[in-house]
Amino acid sequence: AEKPKSDRILMQRIDSVNASEAELLETLKRPSQKSPEAILKIVTPIIEDVRKNGDKAVLSYTHKFEKATSLTSPVLKAPFPKELMQLPAETIKAIDTSFENIRKFHAAQGDDKTLQVETMPGVICSRFSRPIERVGLYVPGGTAVLPSTALMLGVPAMVAGCKKIVLASPPRADGSVTPEIVYAAHKVGAESIVLAGGAQAVAAMAYGTESITKVDKILGPGNQFVTAAKMHVSNDTNAGVSIDMPAGPSEVLVIADKDSNPAFVASDLLSQAEHGVDSQVILIAVDLNEEQLKAIEDEVHNQAIALPRVDIVRGSIAHSVSVLVKDIDEAMRISNEYAPEHLILQIKDAAKAVDLVMNAGSVFIGEWTPESVGDYSAGVNHSLPTYGFAKQYSGVNLGSFQKHITSSNLTAEGLRNVGSAVMQLAKVEELEAHRRAVEIRIKHMDAQK
Ligand code: NAD
């Protein structure tokens, strides 16, 4: 039942001093997701259908899920017609500004110089990078318009030099793609836009169809159907496709102390809470008294009821938590254990606290750095690991679109220097041909003396 707008929107509180570690971890648990098996049962037949029947199958799912029954081709190829990217001047300007900042930051991540190390005299090991040739970028559709996601995936792909950039996004019911996404695709030099969403879009890019280019890697967020389909195709060795990372609902953890501005803290919590009812927001309050904590809670409520998406906010705040801690060390310990997608530091000497960050997707430092700037325009990537995967995954970056290739180059002296170690280990592993490949050369050198 819909709650009246006056109901207080309040995060539950937990005091880390009184709570046991187990209680604390239980409170910070992410909302559970539908079982992957149930979702896989739905997406597997869709993937199979697309693999076997190509364009025809993709179209039929787009007709079904997006109701875009007028659509007769599942793909739009570049160059994209100008009339499909008609936008207000201020939107063009905003996309151009964001594009340029994201480009600058990702271009600086390049390691174009070949790394070279002489591990022993005459033994030269090198590493160099090459772009992944064909990439598929999933831009979620549904109700939202997400040109920012198209930029966050497309710009690093362009900077990396990927030869074929394929974008996929579910079309609107009239069969069109939002002009913002077409413009972003044009700017990053995409070769095509797949007009499909969900498992059918993922399968089409993984296997290719008559008109859709097969890709080598699929990146991008999406709902559970998209995520399950990405997992499925990346497990199929015949598909020959990899994915960026597992994805879950978006989340933020804000650490705030006495120095923080309650209105700023609340605005950051809410900008995450409005994403979806499954989003989670965590506040870690460092040594705040009752009055200071209440000031933040009042701001959360008052700002929330004025938001157009207040009903979504109610849902996400219902499973969100304020954790009261004594000091910054305890705050960072909990944050590192939670491993947030976004970590916001609204504390004194915020920049210094970054040294304590072990697990996080992206960090926002100080009171003038709301998460929104990173979501859109600062230059950092917003495609980040969720659901605690910040413990082992990085967000999308230039390296997500590259392979690193190594090479070795030995002189005769080098082979002499390293040869005895190689031959001994080959002997231990009983791989005689390996041993002889060295021996035959050393004998050859000796014979020439
Ligand atoms: P979506 O593009 O992810 O999914 C739409 C597709 O879902 C449809 O095309 C359809 O194929 C499929 N689908 C829907 N119902 C289905 C069913 N019953 N059976 C089979 N397939 C079905 O768009 P969405 O659903 O609006 O979800 C957007 C998602 O993207 C959200 O989960 C949001 O949290 C996430 N998101 C994440 C980020 C990020 O950076 N982390 C950014 C934006 C969006």
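Keep in mind the model is a prediction, meaning the values are calculated, not measured.

Side note on the overall build of the protein
When its secondary structure is counted, the protein shows 15 helices and 15 strands. Considering only C-alpha atoms, the protein reaches an extent of 90 × 60 × 45 Å along its principal axes. Every one of the 449 residues in the protein was classed for burial, and the buried ones make up 47%. Taking the average place of the 46 positive charges on the side chains of the protein and the average place of its 55 negative ones, the gap between the two points comes to 8 Å.

A look at the pattern of salt bridges
In the structure shown here, the tally under the stated rule is 23 salt bridges. Across the salt bridge formed by arginine 435 and glutamate 432, the nearest N and O atoms sit 2.8 Å from each other. Linking arginine 435 with glutamate 432, this pair stays in helix α15 (residues 432-448), spanning 3 residues, or about one helical turn. Look at arginine 435 and you get buried, because its relative accessible area is 17%. In this structure glutamate 432 comes out as partly exposed when scored by relative accessible area, which is 35%.

Things to note about the sheet that holds strand β7 (residues 192-194)
In space, the 6 strands of this open sheet follow the order β2-β7-β6-β5-β8-β9, with mixed pairing throughout. Bordering the open sheet on either side are β2 (75-77) and β9 (242-243), each of which pairs with just one other strand. Helix-sheet contacts for helix α6 (residues 198-207) involve β5 (134-138), β6 (164-168), β7 and β8 (217-219), and the interaxial angle to β5 is about 175°.

Quick word on the site of the ligand
Taken together, 19 residues lie around the ligand, and Glu66, Tyr138, Gly141, Gln200 and Asn223 are the ones closest in. Within the side chain of glutamate 66, a nitrogen or oxygen atom sits 2.7 Å from an oxygen atom of the ligand. Note that an oxygen atom of the ligand is positioned 2.9 Å from one of the backbone N or O atoms of glycine 141. Here the ligand has 860 Å² of accessible area as a free molecule, and 73% of this is covered by the chains.

Topic: the sheet that holds strand β11 (residues 280-286)
The 6 strands are arranged β1-β12-β11-β10-β13-β14 in an open sheet whose pairing can be described as parallel. Where the open sheet ends on each side, the last strands, each with one partner, are β1 (12-15) and β14 (362-365). If you compare each strand with its neighbour and ignore which way they point, the axes differ by 20° on average. Summarising the sheet, strand β10 (residues 251-256) and strand β13 (residues 342-346) pair through 5 bridges and their orientation is parallel. The partner of leucine 253 across the bridge, within β13, is leucine 343.

Structural notes on the pairing of β13
Extensive coverage of β13 is indicated by the burial of 5 of its 5 residues. Of the two faces of β13, the one holding His342, Ile344 and Gln346 and the one holding Leu343 and Leu345 are both buried throughout. Summarising the sheet, β13 and β14 pair through 4 bridges and their orientation is parallel. Of the residues in β14, the one forming a bridge with isoleucine 344 is phenylalanine 364.

Quick word on the environment of alanine 144
Mapped onto the fold, alanine 144 is located in the loop between β5 and α4 (147-160). Judged by relative accessible area, which is 36%, alanine 144 ranks as partly exposed. Residues alanine 144 and threonine 178 lie 34 residues apart in sequence; the distance between their C-alpha atoms is 9.9 Å.

A short note on the nonpolar core
Nonpolar side chains in soluble globular proteins tend to end up buried together. Judged by nonpolar contacts, the single largest core of 39 residues is most densely connected at Phe80, Val135, Leu137, Leu167, Ile193 and Phe401. Where this core is concerned, the elements lending two or more residues are α3 (89-107), β5, α4, β6 and α5 (179-187). Among the elements that line this core, the one with the most residues is α4, at 7 residues. Setting aside chain neighbours within four positions, we find leucine 137 in contact with Leu153, Gly154, Ile165, Val166, Leu167, Ala168, Met205, Leu219 and Phe401.

Notes on the packing of helix α2 (residues 36-65) against α6
Two elements in contact, α2 and α6, have axes whose closest approach is 8 Å; the angle formed by their N-to-C orientations is 125°. Judged by the inter-axis angle, α2 sits oblique to α6. When you trace α2 past α6, the crossing you get is left-handed. When α2 is examined against α6, the residues Val43, Ile46, Ile47, Val50, Arg51, Val58, Tyr61 and Phe65 are found in contact with a partner set consisting of Ala199, Gln200, Ala203, Ala204 and Tyr207. Of the residues contributing to the contact of α2 with α6, the split by class is 11 nonpolar, 1 polar and 1 charged.

A short note on the packing of α6 against helix α7 (residues 224-235)
Two elements in contact, α6 and α7, have axes separated by 8 Å at closest approach and are oriented at 25°. Classed by the angle they form, the pair α6 and α7 counts as roughly parallel. Relative to α7, α6 is oriented so that their crossing is right-handed. Across from Gly198, Ala199, Val202, Ala206 and Tyr207 in α6, the residues of α7 making contact are Phe225, Val226, Ala229, Lys230 and Val233. Across the contact of α6 with α7, the residue classes break down as 8 nonpolar, 1 polar and 1 charged.

What counts, and where the lines are drawn
- Residues numbered from 1 in each chain as written.
- Predicted model: local features only at pLDDT ≥ 70, side-chain atom pairs only at ≥ 80, totals over all residues.
- Heavy atoms only, no water.
- Helix = DSSP H or I, 4+ residues; strand = E, 2+ residues; numbered from the N terminus.
- Buried < 20%, exposed > 50% of the residue type's maximum accessible area, 1.4 Å probe, protein only.
- Lys, Arg positive; Asp, Glu negative; His and termini not counted.
- Charge placed at Lys NZ, Arg CZ, Asp CG, Glu CD.
- Salt bridge = Lys/Arg side-chain N within 4 Å of Asp/Glu carboxyl O.
- Pairing = 2+ DSSP bridges.
- Contact = heavy atoms within 4.5 Å.
- Axes fitted to C-alpha atoms, helices over the stretch in contact; angles between N-to-C directions.
- Near = heavy atom within 4 Å.
- Polar contact = N/O pair within 3.5 Å; in protein donor to acceptor, adjacent residues only side chain to side chain.
- Areas by Shrake-Rupley, 256 points an atom, 1.4 Å probe, with all protein chains shown as cover.
- Core = buried A, V, L, I, M, F, W, Y, C linked by side-chain atoms within 4.5 Å.
- Parallel < 35°, antiparallel > 145°, perpendicular 65-115°, else oblique.
- Left-handed = near helix turned anticlockwise from the far one by under 90°.
- Nonpolar A, V, L, I, M, F, W, Y, C, P; charged D, E, K, R; others polar.

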